[in-house]
Amino acid sequence: MTGVPQVDFALDTYECIVLYPGAAGRALPAETVQRLQAEHIEHMRALQRRGIILVAGSVDGPAREPEPPIGFGLARTGSVDDVRSVMEADPAVQAGLYRVDVMTFLCPAGSLEFPLAKTES
């Protein structure tokens with residue numbers, strides 16, 4: 001991984017998921033958007049139940065233009081590519097309602113807890 005800060009404390013590494021409006025979103029009928037949003041929520045809940053996604057939710061309020069993010073999540077699989085792959089399988093991403101980016105997120109070790117996250121045993 002490039003760009004790892006040189007610090008004198010341990011770091012935890014996560015995969016940061018950022019969801020943006022997709023190119024096809026404005027052209028889709030309202031019923032299709034509603035169906036895709038429901039499928040997206042179920043996809044994310046399934047990823048949480050499998051222990052892939054630790055936390056995810058929507059972003060509300062004013063944001064920067066031209067592409068404000070509409071959702072954010074964190075995973076901890078050790079692979080940005082694996083998380084990108086499961087996120088690209090999201091029906092709403094495949095239909096173009098949303099666009100996803102996945103990158104590495106670093107923070108001081110032990111600074112985040114996810115009490116609702118399930119871990120695979």
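Residue positions within a chain follow its written sequence, with the count starting from 1. The model is predicted, so local features are restricted to residues of pLDDT at least 70 and side-chain atom pairs to those at 80 or more, both for listing and for counting; the totals for chains, interfaces and linings are taken over all residues. Computation of side-chain values: all heavy atoms of the structure, hydrogens and water removed.

> Would you mind showing me how to read the side chain of H40 here?
Counting from the N terminus, the helices are DSSP H or I runs at least four residues long and the strands are E runs at least two residues long. Among the secondary structure elements, H40 is positioned in helix 1 (residues 30-49). By relative accessible area, which is 12% here, H40 ends up buried. Contact criterion: two residues are considered in contact whenever any of their non-hydrogen atoms come within 4.5 Å of each other. The contact partners of H40, leaving out residues within four places of it in the chain, are L19, D90, A92 and Y98. Only protein chains enter the accessibility calculation, which uses a 1.4 Å probe; a residue whose area is less than 20% of its type maximum is buried, one above 50% is exposed, and one in between is partly exposed.

> I keep staring at the pairing of strand 1 (residues 11-21) and nothing clicks. Help me out?
Taken residue by residue, a regular strand's side chains alternate between the two faces of the sheet. Of all 11 residues in strand 1, eight are buried; the element is thus mostly enclosed. Strand pairing is defined by DSSP finding a minimum of two bridges between the two strands. In this sheet, strand 4 (residues 98-108) lies alongside strand 1 in antiparallel orientation, the contact comprising 11 bridges. Bridging across to strand 4, L11 finds its partner in P108. Sheet analysis places strand 1 next to strand 3 (residues 71-75), joined by five bridges and oriented antiparallel. Residue V18 lies in a different strand from strand 3, and its bridge partner there is F72.

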